[in-house]
Amino acid sequence: MTQFEEGKIKIHTENIFPIIKKAVYSDHEIFLRELVSNGVDAISKRRMASIAGDCESVDEAKIHISVNRENKSLVISDNGIGMTADEIKKYINQVAFSSAEEFLQKYEENQEGIIGHFGLGFYSSFMVAKNVEIISKSAIKDSRPVKWSCDGSPNFKLESSEKEEIGTDIILYLMEEEIEYIEPSRIKTLIRKYCDFMPVDVQLEGESINKTNPPWRKNTKELKDQDYIEFYKYLYPFQGEPLFWVHLNTDYPYNLQGILFFPKISGRADWESGEIKLFSNQVFVSDSIKEVVPRYLLPLRGVIDSTDIPLNVSRSALQSNRKVRSIANFISKKIADKLKLIKNDNATLYSQIWNSVAPFIKIGAMEDEKFGEQVEDLIIFKTIRKEAFIDNEIVINSEELTFTTIKEYIIRLKLESEGKVLYCTDEISQSNPLNLWKAQGKEIIIADTVIDSQFIPWLESRNEKITFQRVDSEIDDSLNSDDKEITDVDGGNQSESLRELIKSALNNDNITVQIKSLKDNDEIPAMILLPEQMRRINDMGALMEQKLPGLPENHVLLVNKNHPIVEGLSKLKSSSIIIDNKGGSQNTLLIKEISVHLYEMACLSIGGLDPEKMSDFQKKSSGLLGKLISKIT
């Protein structure tokens with residue numbers, strides 16, 4: 001074997017190898033992606049050179065991986081364009097045209113890490129190998145095969161080789177702590193993760209282990225719905241079928257392809273990391289792309305493939321990159337366009353998937369003004385009203401549920417100038433006031449997701465003449481009966497006397513007591529009302545503290561004067577017999593206990609009693625019933 005040269009790799013510092021071994025990439029496993037990618041590039045170069053008539057063509061492009069357990073080595077072979085001795089000196093010894101000095105400077109300044117653009121790809125071998133060999137034969141006619149070897153130091157050896165086939169073999173003699181990479185199962189896992197959709201067949205011991213024709217590179221006319229569904233299931237096994245998908249394809253002003261899927265969200269979506277896979281020319285780069293995709297779209301799944309997303313810069317630089325921002329806007333618009341298409345073409349389907357897409361739309365609208373304008377007419381709410389909707393009213397019906405947009409609600413209720421949009425966030429805890437409004441034929445929208453506490457103020461900001469009022473915030477005059485006020489035995493106002501009676505019994509200045517005669521309703525003795533703005537402040541504070549909102553300290557107890565219990569209170573008061581010079585009565589204690597019981601029942605209906613108070617309520621209820629029964633005997 002003829003030795004051509006022996007020397008040192010031309011870099012300006014000898015610190016490059018420790019950094020490559022320990023810090024260039026966050027995971028050592030990346031080396032396999034880099035080496036296979038280099039092989040794909042070599043095959044592509046051979047194809048182009050053969051078309052130009054500069055070298056022999058290749059019949060079947062492939063990359064072959066083999067292992068040798070005895071000497072603990074891993075071989076990655078390609079039948080690409082290969083390298084001459086001069087090319088090895090140029091591309092390998094000079095660190096593939098990369099400036100090692102500049103690279104080191106960038107790394108030292110930015111501890112977030114640098115995503116490689118494959119320029120230093122070959123040197124990732126030294127993260128796992130103690131010795132590396134390159135055996136290559138160029139496709140250029142009459143080229144002599146060569147062998148390059150290096151032990152991880154700047155020293156290298158370049159000599160002749162006996163290789164007969166055109167292409168390059170990379171031989172890695174693995175370190176003891178990296179011996180896992182000769183296991184076939186480990187190699188298959190990594191090829192599927194990083195190289196699954198490369199355009200060249202990758203074989204392990206003669207078995208093809210990757211796909212070579214990614215769906216996102218195909219024309220949409222070539223794909224059926226089932227093709228998209230099968231691709232989704234392949235990427236995300238055991239997660240069912242997607243709701244729908246968006247096929248991305250543009251070559252101006254940047255090159256980008258991809259397929260994004262809306263998953264069936266169950267439980268809390270991940271709004272921070274995301275599951276969209278980023279590829280660069282069919283090479284997997286990352287599945288954490290929060291610098292490329294707007295935060296509100298991170299729970300989407302699928303693939304984005306672009307060579308125009310800069311991969312050799314820090315993540316902070318990505319966030320301020322103009323081209324990346326433009327790509328993010330493009331993706332957002334495509335998502336909005338797809339949602340519009342579904343709503344316009346199949347409103348029933350749109351209502352069925354609404355619960356899953358609503359968080360994306362609502363958060364996106366609040367965070368991105370342009371996206372908010374694009375989806376403004378896509379925001380719908382479930383709506384309820386006792387009276388049936390007439391035929392010409394614009395609503396969406398699905399499985400006995402009815403949906404409307406706020407714009408349609410406003411038109412229907414003639415609130416163009418100004419008015420209140422009634423809404424409910426919990427049909428169970430707010431059932432009493434909800435039923436009061438429904439009984440009067442009022443239309444109420446349901447806003448029962450966590451994000452709605454922030455989303456409703458955003459909607460109000462878009463239309464200053466419209467305000468939102470939760471059903472339990474207040475009861476207006478339309479829900480009061482027209483009964484004339486009755487004068488009590490002392491000639492006073494019965495409602496005011498009753499209010500003072502209950503207020504005194506509760507002995508809490510934070511509770512405002514209101515006495516109303518509720519129209520056509522004698523089922524509800526009392527209910528808690530939460531003034532809108534005060535409750536919003538309470539809810540926002542709970543959200544910031546990441547806890548469920550409790551009963552605000554200041555609230556209203558609405559007492560229904562028409563209920564038998566409340567009527568009984570008035571009778572107890574009027575029939576009281578004074579038994580001491582302080583005005584005490586034998587019914588005073590009973591009146592107080594009934595008043596407190598009314599209040600606590602109202603709190604109970606909205607979940608406003610903690611476990612300790614709940615236990616106390618049960619005890620007091622039993623005692624109160626005993627006293628009332630004793631009155632009978």
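Residues numbered from 1 in each chain as written. Predicted model: local features only at pLDDT ≥ 70, side-chain atom pairs only at ≥ 80, totals over all residues. Heavy atoms only, no water.

> Which residues make up helix α8 (residues 322–345), and what are the values?
A rise of 1.5 Å per residue sets the reference length of α8, with its 24 residues, at 34 Å; its end C-alpha atoms lie 35 Å apart and thus fit the reference within 8%. Val-324, Ile-327, Ala-328, Phe-330, Ile-331, Ser-332, Ile-335, Ala-336, Leu-339, Ile-342 and Lys-343 are the residues of α8 that are buried. (Helix = DSSP H or I, 4+ residues; strand = E, 2+ residues; numbered from the N terminus. Expected span 1.5 Å × (residues − 1). Buried < 20%, exposed > 50% of the residue type's maximum accessible area, 1.4 Å probe, protein only.)

> Outline the sheet that holds strand β13 (residues 283–286), listing residues and values.
The pairing of strands in a sheet happens through backbone hydrogen bonds and is either parallel or antiparallel. With mixed pairing, the 5 strands of this open sheet are ordered in space as β10-β11-β14-β12-β13. In this open sheet, the two edge strands, each paired with only one partner strand, are β10 (244–250) and β13. This sheet shows a mean twist of 20° between the axes of neighbouring strands, independent of strand direction. Sheet topology note: the strand β12 (residues 275–280)/β13 ladder contains 3 bridges and is antiparallel. What sits directly across from Phe-279, in β13, is Phe-284. Contacts between α8 and the sheet are confined to β10, β11 (256–262) and β14 (301–305), with β10 contributing the most and set at about 135° to the helix. (Pairing = 2+ DSSP bridges. Axes fitted to C-alpha atoms, helices over the stretch in contact; angles between N-to-C directions. Contact = heavy atoms within 4.5 Å.)

> Which residues make up the pairing of β10, and what values do they have?
Regular strands place their side chains on alternate faces of the sheet. Among the 7 residues in β10, 6 count as buried, and that is most of the element. Pairing between β10 and β11: 7 bridges, direction antiparallel. When the bridges of β11 are listed, Thr-250 appears paired with Leu-256. Linkage of β10 to β11, two consecutive antiparallel strands, is achieved through a turn of 5 residues.

> So, the packing of helix α13 (residues 452–462) against helix α15 (residues 532–544): which residues are in play, and what are the values?
Where α13 meets α15, the axes come as close as 10 Å, and the angle between the chain directions of the two elements is 130°. Classified by the interaxial angle, the pair formed by α13 and α15 is oblique. Contacts between α13 and α15 involve Ser-453, Gln-454, Ile-456, Pro-457 and Glu-460 from the first element and Arg-536, Met-540 and Leu-543 from the second. (Parallel < 35°, antiparallel > 145°, perpendicular 65-115°, else oblique.)

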